[in-house]
Every structure is written in structure tokens, then in C-alpha cells.
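The primary structure of each chain is shown beneath.
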There are 2 protein chains.
Amino acid sequence: MTITEMKLHPIAIADPPLRSSYGLHAPFALRTIVELKTDSGITGIAETYGGDGPLAGLEAARPHVTGMDPFQLTRLFEAMARDAVAASDVAGGRSQTYLVPGENPLDRHMRTYAALEIACLDIIGKAVGKPVCDVVGGRARDEVSFSAYLFYKHAGGGGVGGDAREDEYGEILDPKAVVRSCRQMIDQYGFREIKLKGGVLDPEEEIASIRALREEFGASYPLRIDPNCAWSVDTSVEVGRALKDELSGGGYLEDPCATLEGMGEVRRRLLAEGNDTPQASNVAVTCMAQVPEAGRLDAVQIVLSDPHYWGGVRQVQSLSHLCGVMGMGLSMHSNSHLGVSLMAMAHAAAAAPNLTFACDTHYPWQTAQDEVAAGGRIPFHNGCVRIPDKPGLGVDLDYDQVARGRERYEKIPLRKRDDEAEMRKHVDPNWKRVLPRW
Amino acid sequence: MTITEMKLHPIAIADPPLRSSYGLHAPFALRTIVELKTDSGITGIAETYGGDGPLAGLEAARPHVTGMDPFQLTRLFEAMARDAVAASDVAGGRSQTYLVPGENPLDRHMRTYAALEIACLDIIGKAVGKPVCDVVGGRARDEVSFSAYLFYKHAGGGGVGGDAREDEYGEILDPKAVVRSCRQMIDQYGFREIKLKGGVLDPEEEIASIRALREEFGASYPLRIDPNCAWSVDTSVEVGRALKDELSGGGYLEDPCATLEGMGEVRRRLLAEGNDTPQASNVAVTCMAQVPEAGRLDAVQIVLSDPHYWGGVRQVQSLSHLCGVMGMGLSMHSNSHLGVSLMAMAHAAAAAPNLTFACDTHYPWQTAQDEVAAGGRIPFHNGCVRIPDKPGLGVDLDYDQVARGRERYEKIPLRKRDDEAEMRKHVDPNWKRVLPRW
């Protein structure tokens, strides 16, 4: 079996005005739908980061992909790693601290490979008649639990003009609105863990939001907060101290401040107070080599995986194994995405035995109007996505919806995620990302 | 597809009187051939450790295996790990130092699982029409390089009575005979790296053997010596100092003394002399959790994998990944084995990108008379085993040969590898394994 064609569909999907320490989500998020066609008639699909950079990465890989046997993934990985080494004079550092996810040029090849691997695994699953999680070693679970991923946001449902979407959640800029949006999500999806994206309001306000969530939902709903490095070490310690009870029992403090050294200091100071709130990271730890270092510094107790970011389903398995060996836990982060990504995340999570937390997903922030999965939005059952009894990812493309996504993409000038620019455009013309802000 | 039957064939194969610090090989080595039959008509095979212990381990797993889908390997692994935890009051420690390979009760479940995983991967490969190395992520290489694995030995070709085998190599108890046996092996197999099992003669004699090999074969044949912990830290340093040149350039010093702490001290003392001879281990490091510890102590620079020992092909991939992350190299060790094992080793090695040394194999010490692979002995090309263009492991069973192996097994009382007892029986009635001996 040989891959005869790689089709790339750049699409735009409506995205609500969500806030984070990076800034503001644009009215549209960019995604790329990848189709790999084979000479056996099987087509594999994947969804990944969108815009010019990710598209260029995929285009550059085209010579490796066309003509390849979809089973020969190690060689594809090695070829792309060689290309990346050859291109390693590209400007930019390894750290994710100052870059929105998906925009670090130095590990682009991992994300490009990830999309290709997922599409190849979809092909393999279809050829073999097995779900993706079963062709990479077999599932550890039949359904994958996701968390209610709450954001502070301005009013607006995302999109503009004829593509403006209904504002299901409204403005969320205080504890009461946070609780209300969480209730909406839990009613609709059944989530049993809760994550708040912080780093937006004064830490006192965000502490109040977490406390309000605990009061409303009780201790059986583990809580996490992720300010994406917005806090100083001192502030991180203060928040950790204030939320000692709320973040215990299955919750965590995610990337409170920048760098492994900073998180290590937060950890030491909290432990000295008898506070062992675990810290999670997908900013200070973005590649395998940083995992042992994070363990050595005791800076991170939970690594946030993601098949899109970490190099695909098998790399998430490798990360799961590595974290298990290092005595660390594993969770999964997310970016704005549709159903094809959701299924890849579900398969990766199902095939990662050491994954012990509900995964993040932005899925509730997207709408059926933008979904490219045939049959519409992926259903949740008690906060979980079930691995379907279908070969491959278990999801097909609705080509009319893909075409609509491409039309939206063509209509807008946006070609790169830049939350700082959006913030200046819509909220504060002088806004700059400053770390630490508090 | 469901596994409907597990057939176990305990076999005995002639084994020459090879020496090591464990003692003496018995005239027969014990192996177990595993057959897993499915309702789709496909049968998967594996070869593993033999005798009562390994058989009991496989028998205990039978309830998990019968009725399972061969793709559901994660769940089999987890079920067997749970059983192992439940049985963890079994006597014996985690360390391999005082146990011949295959006889540590505490990690028997990993070896049992390995045999089942390999047979399941053979099934999957046959179902999919792909070689095993390609169904686990794709090969990094088309052929796998093996080393000339030299032993000190007494005269005798292995076996007894009607099963006595021709003594192809004769007595090997001095440098000249070591060189002669190496020349025989290299002429016949084309090996391009050389390993000497040491810990048998006085270290001065073994140093002389290594020097004689270097003199005969030159620096383009990397050299290693493995005394299986027979030396003290002081002696290890002395040997490392004496063989500084000979073990550099792609060679290594393998398990010179016992424990990670001991090897760490050897490393520190050699480095202080400007001698960075790398150290390899399959005795001080026998499970994943010891790898980071070995790295922390800088005790081990190369971990010796083996699909039989480490839990199968995917665990070797995980070990390869872990070693890569820790900046460590990977090689592969071996025990007396036939062609089915050799092919499993070749597939595991082909699918482990970080494997950068020729693998060990005892294969030259076995004979065609005992081979169970259909078509006879697996061919070597320039010291390499080529991944065949066939589905699964690429090797089938010769059932007549399996039956002969079972007959040999039935005829002999041996049910457990015990090199110390053999040493007392055939060489020295008062022999005891003493560590360190020198």
C-alpha cells in the first residue's frame, strides 16, 4: 500500500473571544485538514494546526509522503527530524513560554509529523479493520474522560458577519459567570473534572472563581487552574497557598510561572509549608528531553501531552511511558479544534496507560456549524468520548463542511495565530504580553 | 479475531559447555515454543526461556490469553502486571546479580508477557500482511547487525549420547583459541563487532585475549568484554585502564562489577584518568525504573535490551526511547536460542531507532540439528540478519523438529538453568559463584 496523494485543506472555524495570558482568541481559529490517499482506495485523515506555518511544514514534507508506505512511520519521522536539523538555524528558541501553541518554528517538524502519523494510523486502522488505539498496542480504556475547560471571555460567540455564531456562554469575567458557564458545560457534556484558564484577571479574582467552583460543584469535581506563566514565583506560591484545599484531590496547578527553575522553586516553597499541590506543564515541558530535567528539579509532577503537539499517537505513548518511569503523571492539553482532532486525542489517550487525568478539550467552544466530521459533532457520554467500534479514527469527513471551512479561510486575512495582536485590536491598543504580569 | 488455543512446546537443545561467571552451561539449554491459534486460522509463534518456571508463568497466563483479541496487548500487559503485584510476596529480589537470566521470579511476568506479545505480533503481522517491525511503527533498518559472541569453553559441542553435537569450536581457554574461534565465526557469519564473555579466567588472561583479538582483527572490529560482575571495583578499573584503547571506538565494558553504585565508581575513577570507556549493563539495569538511576549515577552508558527479557518488542521500543531521552545508548543481549528468537530479536532491533551497536546472539553456538525454524538455520549476511519480506516474524515452525526438541526435553531431568550446579558436576565439585572473584 502506497500513499499516492496528500491533500491539504486549510480551514477557518469560528472561535469565541476567549482570553488567556497570551491575549485574545481571534474570531476564527485556523486548522488544517489532511487527507492521505492510497493506491488501495483507503484515505486517512487528520486535523492539525492551521495557517501559513503549519501548511508550509506539511508542504515541505510532501516529497517524503507521496509514495510512502503508511506503515513506514519510523523512517518518515527520521527523515523529517533530519530536515529539521538541517533547518535548525531558523530564528526562535525551544521554549514555548513566549509563543502561542503551534507557532514555535524549532519543533514544527514534530507537529507536522504528528498530523501525518495520525492520518497514516487512520489508513492502517482502516486497512486492518481496527480502531487506531488498537493498532498501536491496544487500548487501556474504552472511553476517555475530558474536563470542562473554562475560559474568561468577552461577549460573542465567535466568527464575524454571516459567520457570526450564537453566544452560548456570554461574557465570563467574574466568578459568577465562571460558575454559570461550568454548569452549562456540565449539563450539556457531563464533565467530571474542571479546568479554568487563568492568567487573565487579578489573581484574587481567579482564586475567587476557583473557590466559587468548589462551592458550587463540591470536592468530587477536581479543579485545576492554568495561568500560562502569568504569575511570579511569589504570586504562584500565594495562589498555591490560597487554593491548597481546592487544588488537592485530583486537581493541579498548571504552569503558574515561567521556566522549570521557577516551578521548582514554587514546588519547594509549597512543600515546605506541607502543601503538595502537584504542578502540571505544557509550557515549561514541551519536549522529551525536558521531562527528566523537570523531574530532577521536582518542578513538574504532571506532563500535559497532546498528539498534535508531541509528535502523534505513538509519541504520546512514549511520553506516557517516560512519565511513568519518572514517577510523573500524564494529562492532555488542547487547542481550538474540531471532531477529527477530538478523535485523535481520544485514541491517543485510550492507548496511553499512564494517563490518569481527564483531558482538556476546547470542543465546547466550537459549534456544529463549523464541524467537518460526517454526522456532525462527536457525542460525549458523562464527560467521556467513547472509542467507536469503527476502523481507524472512526470519523469521516463531511466534504461540504470542509469546503465551507475552506471558503471561510479564503475570506479572512488571518494566517497565523497571534493572540497579542487580537488583544490590541479588540481590547486594549497598548496591550503587551508581560511575564510575570502579577 | 480471537485466540482460541495456546500450545506450549517445552524443548531442549544441545548447548556447548560455555563458561561465564555464573558457571557452566549444561549440555542442553531449555526453551519454550509458544503457539497461539486464532479463530481466523492464523497461528502466531514465539520462542522463550524454558523449563518449569517459564512454563508455569505461561500456564498461569492461559486464562488471560484464551479468548483474547491479539490486538489488545495493553490489557494483557496490565492484567499480568496486576497478577504479578498480587504474587509479589514470592521470594527473591529484583536484582539479576545472583540469578542466571530467566530465573528471577519477580519479573517473570515481563518475560511471560514478552513471549505472548511476540506471538500476538506474529499473528497481527500475518493478518495485516506486514513484518512485525512494520506493525509496531515501522523499521529503522532493513537488516540487523549481530556481534561475534565469544565464550571460553571446555571441549565438547553440547548434548549427550545420541544427541551429542560436533565440537565445531573445540576447547577455548586461552587467547589463541579465542582468536581462532572468532576467526571461525567471522568467516562463517561475517560479524563486524566482537564480544567476549569474560569473568572466567584470571583478568590478566582475559586482557590478553582482548589484546589478541585487537591484534588479529584490527581497530575496525569494535571489542567488548562482559565478566558478569566477576570483578571488584578495583579490578574493573585496572581492566578498564589496561584495555582503554581496545574498548574505545565502538566497544564497551559490560557489567564489570556488581551494582550501579559499583559501576558508577568505576566510571568516575576511569573518567578521572581521562578514560571514557563506556559501560554497558544487563545485570545492574534490568527494569525501566533503573535506567534513570543508572543515568543519574553515570554508571551505565549503554543499556542491553532483549525482547525476551524486557517485555517484548514494544517494551524494547520504549526502552530505546527512554535511553535516547537519557542520552544513553542501546544494545541487545542474548541467551542460548534458536531461529524464532533470533527473528524476534531482529524485528525488535529493526524497530528500535536508538539501537546503535551490533546485538549479541548465541546463535553460532547452536546447530541445525536442533533448529525448529522451517527451512533450517536463519542466514546471516555480513553479520546481519535481514528482515524478510514476509508477514509476521517471517519464520514458521518445523513441527518435526519441534517434536524432536520435545523428545529431548522429556528424556532429560533438567528443568531449570543452574550454571553453578553444572560447574560443580563437570568442573569443580567445590565451585561456588563468588562475587567479586577477582
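Here the structure is a predicted model, which means the values were calculated and not measured.

**Student:** Just checking my understanding: could you explain the side chain of serine 236 of chain B for this structure?
**Tutor:** Looking at the secondary structure, you find serine 236 of chain B in helix α7 (residues 233-242). Non-local contacts of serine 236 of chain B, meaning those with residues more than four positions away in its chain, are made with Trp231, Leu253, Pro256, Cys257 and Val266 of chain B.

**Student:** How should I be thinking about α7 of chain B in this particular structure?
**Tutor:** Because an α-helix completes one turn every 3.6 residues, residues spaced three or four positions apart along the sequence face the same direction. Taken together, the buried positions of α7 of chain B are Val233, Thr235, Ser236, Val237, Val239 and Gly240 of chain B. Lining the buried residues of α7 of chain B we find α6 (203-217), β10 (252-254) and α8 (260-272) of chain B.

**Student:** What should I look at first to understand the pattern of salt bridges in this one?
**Tutor:** Where side chains of opposite charge bring their charged atoms close, a pairing between them can arise. All names here are of chain A. Overall, the coordinates contain 62 salt bridges over all chains when judged by the stated rule. Residue aspartate 163 pairs with arginine 165 through a salt bridge whose shortest N-O separation is 3.5 Å. Of the two residues, aspartate 163 and arginine 165, both sit in the buried class. The salt bridge partner of arginine 224 is aspartate 360, with a shortest N-O separation of 3.1 Å. Of this pair, arginine 224 sits in strand β9 (residues 223-226) while aspartate 360 is found in the loop between α12 (339-350) and β14 (384-386), placing the two residues 136 residues apart along the sequence. Aspartate 360 gets classed as buried once you look at its relative accessible area, which sits at 0%. A single network of salt bridges, built from pairs that share partners, joins Glu193, Lys195, Lys197, Arg224, Asp226, Glu254 and Asp360.

**Student:** Would you mind showing me how to read the sheet that holds strand β4 (residues 28-38) of chain B here?
**Tutor:** Neighbouring strands of a sheet are bound in pairs by backbone hydrogen bonds; such pairs are parallel or else antiparallel. All names here are of chain B. Spatial strand order, β1-β4-β5: 3 strands in an open sheet with antiparallel pairing. Every other strand in the sheet has two partners, leaving β1 (3-14) and β5 (43-49) as the edge strands with one partner each. This sheet shows a mean twist of 20° between the axes of neighbouring strands, independent of strand direction. Examined bridge by bridge, β4 and β5 share 7 bridges and lie antiparallel to one another. Paired with leucine 36 across the strands is glycine 44, a residue of β5.

**Student:** Can you walk me through the packing of aromatic side chains in this structure?
**Tutor:** Aromatic ring pairs are described here by two measures, namely the spacing of the ring centres and the angle between the planes. Applying the stated criterion across every chain, the model contains 22 aromatic pairs over all chains. The interplanar angle of 85° and the centroid separation of 4.9 Å between the aromatic rings of phenylalanine 77 of chain A and tyrosine 113 of chain A together place this pair among those described as edge-to-face. In this pair, phenylalanine 77 of chain A is assigned in helix α2 (residues 73-86) and tyrosine 113 of chain A in helix α3 (residues 108-128), connecting sequence segments 36 residues apart. Exposure remark for tyrosine 113 of chain A: the relative accessible area of 6% places this residue in the buried category. For the pair phenylalanine 217 of chain B and tyrosine 221 of chain B, a centre-to-centre distance of 5.7 Å together with 55° between the ring planes defines the contact as tilted. Comparing phenylalanine 217 of chain B with tyrosine 221 of chain B shows no difference in burial state: the two are buried. Within the aromatic cluster, the residues linked to one another by ring pairs are Phe146, Tyr189, Phe191, Tyr363 and Phe380 of chain A. One cation-aromatic arrangement involves arginine 111 of chain A over tyrosine 49 of chain A; the distance from NZ or CZ to the ring centre is 5.6 Å.

What counts and how
Residues numbered from 1 in each chain as written. Chains lettered and ligands numbered in written order. Predicted model: local features only at pLDDT ≥ 70, side-chain atom pairs only at ≥ 80, totals over all residues. Heavy atoms only, no water. Helix = DSSP H or I, 4+ residues; strand = E, 2+ residues; numbered from the N terminus. Contact = heavy atoms within 4.5 Å. Buried < 20%, exposed > 50% of the residue type's maximum accessible area, 1.4 Å probe, protein only. Salt bridge = Lys/Arg side-chain N within 4 Å of Asp/Glu carboxyl O. Pairing = 2+ DSSP bridges. Axes fitted to C-alpha atoms, helices over the stretch in contact; angles between N-to-C directions. Phe/Tyr/Trp six-rings, centres within 6.5 Å; stacked < 30°, edge-to-face > 60°. Lys NZ or Arg CZ within 6 Å of the ring centre and 35° of its normal.

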